[in-house]
Amino acid sequence: MLIRLISLIFLFTLVFSEKNRFDNYTLYKVVPKNGKQVEYLADLKETFKEYDFWDEILLSQYVNILSKPDMKSDLENFLSGAGIDFEITLENIQEFIDKETKKHYTRNDIRSMQWDSYYTLEDINTWLDDMVLAHPDTASIIIGGRSHEGRDIKGIRISHGAGKRAVFIESGIHAREWISPATTNFIINELLTSDDEEVKAVARDYDWYIFPVTNPDGYVWTHVGYRLWRKNRAPYGNDIGVDLNRNWNSNWLGPGTSSNSSSNNFAGRGPFSEVETRTLSEYITNMADRIDLYLSFHSAGQLLLLPYGNTTEPLDNYHDAMKIGRRAMGALSVRYGTQYTTGNIAEAIYLATGGSIDWVKEYLRVPLVYCYELRDRGVYGHLLPPEQILPTSEEVMDSLVEMIFQAKRFGYMNAGNAIKIPTLLIVGFILILPNVFSEKIRYDDYTLYKIQPKSLNHIKLLQDLQVNDARYDFWNSPVPSATYVNILSSPANKAELENFVKSNNMDFEIVTSNIQEAIDKEVVSTYTRNAAGNMTWDRYYDLDSVYSWIDDLAALFPQVATIVIGGRTHEGREIKGLRISHGSGRKAIFVEGGLHAREWISIATVNFIANELLTSDDAETRAAARDFDWYIFPITNPDGYDYSHRFNRMWRKNRRPIGQHFGVDLNRNWNSNWLVAGASVNPASDIFAGLGPFSEIETRTLSTYINSIGDRLELYLSFHSFGQMLLLPFGNTTEPLDNYYDALNIGRRAMGALSVRFGTRYVTGNIAEVIYHATGGTIDWVKEFVGVPLVYCYELRENNTYGFLLPAEQILPNNLEVMDSILEMIHQARRFGYMNNANGVYGSILLIAFITITRLIY
């Protein structure tokens, strides 16, 4: 009785109070760069509840913070004093709230529900009633529960006959996320009215239980009282509301929740303390054995999340669900290019417990469970403009159809199916061990095999082995054009690999029977600070040495050399580089190495290039240094490179934890045909492409830096090893795209110059034609999205004998021939009309005539 009285008081207040406005409320975008800054922001959030944090506080990830006008200066002073970067995203969010289109639904006219406007709860419920009247044979109203203020949680059931498996959709559990009910309404409309055959098929093949607004009290309050309200409307002392997506009985009050009733993450007085979660969970439980797919819609962030929020362990059927989800997000990206990141809650965003999808997965054992965090990513947040409703809804519908298609391919969503046992159970123990014991891995008696496939069937067998068995380290990929495949095996697995090869009639030879001997022969030194000449070219150097040497070069040549920071890493390191410039107005050359941590020769090569540009007496080298701005980054994967020195010489990826595994292949994570070919969805794989394009902070921040140089870039060089190849974009096709023939001619002439000094031979061509189809790489993205005219990737020495363990005595010969090739590349580029600065060099009419004649000849 008392609770009902309190509810009436609040209803009275709702009717007669004025609607809250947000005039001059400002939205800040804040990026903590280290652990201390994360702590500062966490303290700020806990101490000053007046600041509305729209995101969880994560290292190197943006956090949207909403401030009242009278607290803006305090916030800015706090951020500046703590050294925390910030920018103002929206100066006055009331202006955006005022622009939100709010139409009213016309009773008995289902077509008056438009996808360019947000609607009230009353309009949505009336529309649902009318959809049932218009489709009485397939649609019926369902009530999934009730709210604190006595409202029904109303939904719709779409069914074309008894005995079908079910899809369950819920949205609007966070009241202010208006795009989630709008998207869910669109899905309902499509399932009942679409002429598309695929949509009609999924509507017909399953029973659909869809609830657009599962927090009706909160949703009403966002329309009539407070636009940015998140919780339900149950009173708790002097505060109101519980976060309904922290109130489910799955690790309740664990990480990512609060026991403070004034917090937006307040988890309630206990699991299922709220009538909304309690009654809705009862409804779901009653039909649980029929549900094959459960979807929850939220915003914002462009994420597809899997359970669980309390651990990054790949539990249940994680790997199958990841594959299905990623393919669905690939379909989502086709229509408008929108990119989503896929992963479980804890690995993709943060630890957060007590959510609906964790409970559905843990207690009801529904096979496939996902949460969409819809548009956008860091601009509008919960205030997505109405003009984005239709694009959001269309791409989500595309992904939903693809999700069901992929689920069937993986054996789900068929009558009577149970949860599948994951097909890949092998744990990369070798990769995990150093993280537990912090001891350096040794490769005693590890054997490097050279396997020679004789047929396409052999290639297919090796491809399956690479994808499904993380015990073997493939040093090059098994592709149809491969004459050999190098595979490294531990002593424990040698016999099994040899039996596999012999039983399939493949030839093999042992390149080395103990790879540790080659590792032990590597010469690794420490650089002596303040002695730039102490860096020599007969040894390898660790991360600290390279960074100290770069600092000393900038100090030694202050007129032309400056330190630049190209980005950050998962472990908080800077991606440090050197800018060499002899004045403004010049075109730019970008050089990067070390993206794959174990390819030490690439770092040594890039260091040598920087040294030559600053110290050489050679006239051509000095001219190249003078005529262009050079941006040189020897190590673009600092975490991985440091790890390869301290723990695991053969480490390739970055060091981000992904469940039980570590690392993403940063050269498969760029947003160019991501995950199309030559990459893996298995976190244990060396070619794991990540949770989505640019899911990794290294690629995301470095790409931003490259974009900032923009149209000044004329030449982009990426250094890898091994194989003695000069690769052009693209990795998804052998078609001669863009200026392929010019780039090929220039590259081949450069490789001719490379061969002069020591007779080393390189093969030149695009990635797909020279080695194999491989996408998500740096040079493809630079070419496709930045539009740099000339883009190349060097795969340095050598072809077979040493692989990634190039002996130190080959460092200088390798570096000298590469420098020869770069100078020739610049010379040939100018002949073909590229790399001509605005300062007039080579800008005469005679040069134009010469270029014209050259093109006619070639």
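Keep in mind it's a predicted model, so treat the numbers as computed, not measured. (Residues numbered from 1 in each chain as written. Predicted model: local features only at pLDDT ≥ 70, side-chain atom pairs only at ≥ 80, totals over all residues. Heavy atoms only, no water.)

Trainee: What should I look at first to understand the packing of helix 5 (residues 121-134) against helix 6 (residues 179-193) in this one?
Mentor: A pair of packed helices can be characterised by two numbers: the angle between their axes and the separation between those axes. Closest axis-to-axis distance for the helix 5/helix 6 pair is 12 Å, and the angle between their directions is 10°. One element, helix 5, and the other, helix 6, form an angle in the roughly parallel class. Together, Ile124, Trp127, Leu128 and Met131 of helix 5 and Pro181, Asn185, Ile188, Asn189, Leu192 and Thr193 of helix 6 make up the contact between the two elements. Among the residues making up the contact of helix 5 with helix 6, the classes are represented as seven nonpolar, three polar and no charged. (Axes fitted to C-alpha atoms, helices over the stretch in contact; angles between N-to-C directions. Helix = DSSP H or I, 4+ residues; strand = E, 2+ residues; numbered from the N terminus. Parallel < 35°, antiparallel > 145°, perpendicular 65-115°, else oblique. Contact = heavy atoms within 4.5 Å. Nonpolar A, V, L, I, M, F, W, Y, C, P; charged D, E, K, R; others polar.)

Trainee: Sorry if this is basic, but what is going on with the pairing of strand 1 (residues 26-31) here?
Mentor: A regular strand places its side chains so that they alternate between the two faces of the sheet. Where strand 1 lies against strand 3 (residues 63-67), five bridges are found, and the strand directions are antiparallel. In the sheet register, Leu27 faces strand 3, and the bridge partner there is Leu66. Pairing between strand 1 and strand 4 (residues 85-90): five bridges, direction antiparallel. Bridging across to strand 4, Lys29 finds its partner in Glu87. (Pairing = 2+ DSSP bridges.)

Trainee: Any chance you could explain the UniProt feature "active site" (unreviewed entry) in the protein here in plain terms?
Mentor: As annotated in UniProt, the feature "active site" (unreviewed entry) corresponds to Glu373 and Glu795 in the numbering used here. For this annotated set, covering 423 residues, the C-alpha atoms extend up to 39.3 Å from each other, a dispersed arrangement in space. Structurally, the position occupied by Glu373 is in strand 14 (residues 368-374). Note on Glu373: relative accessible area 12%, which makes it buried. Once residues within four sequence positions are removed from consideration, Glu373 is found in contact with His298, Ser299, Ala300, Gly301, Gln302, Leu303, Leu305 and Tyr340. You can see Glu795 is positioned in strand 30 (residues 790-796). Among the residues examined, Glu795 registers a relative accessible area of 12% and is labelled buried. Leaving out residues up to four positions away in the same chain, Glu795 has contacts with His720, Ser721, Phe722, Gly723, Gln724, Met725, Leu727 and Tyr762. At 3.3 Å, the side chain of Glu795 and the backbone nitrogen of Ser721 are in polar contact. (UniProt positions renumbered as here; feature names shortened; annotations may be inferred. Buried < 20%, exposed > 50% of the residue type's maximum accessible area, 1.4 Å probe, protein only. Polar contact = N/O pair within 3.5 Å; in protein donor to acceptor, adjacent residues only side chain to side chain.)

Trainee: Where do I start with the packing of aromatic side chains in this structure?
Mentor: The description of two aromatic rings rests on the distance between their centres and on the angle between their planes. In total, this model carries 40 aromatic pairs according to the counting rule given. The interplanar angle of 5° and the centroid separation of 5.1 Å between the aromatic rings of Phe590 and Tyr716 together place this pair among those described as stacked. With a gap of 126 residues between them, Phe590 in strand 23 (residues 588-593) and Tyr716 in strand 27 (residues 713-721) connect regions that are remote in the sequence. With respect to burial, Phe590 and Tyr716 carry one shared label: buried. On the numbers, 5.1 Å between centres and 80° between planes, the contact of Tyr740 with Tyr741 is edge-to-face. Take Tyr741: its relative accessible area is 54%, and that puts it in the exposed class. Aromatic ring contacts, followed pair by pair, group Phe590, Tyr631, Phe633, Tyr705 and Tyr716 into a single cluster. The ring centre of Trp178 lies 3.6 Å from the NZ or CZ of Arg227, which sits over that ring. (Phe/Tyr/Trp six-rings, centres within 6.5 Å; stacked < 30°, edge-to-face > 60°. Lys NZ or Arg CZ within 6 Å of the ring centre and 35° of its normal.)

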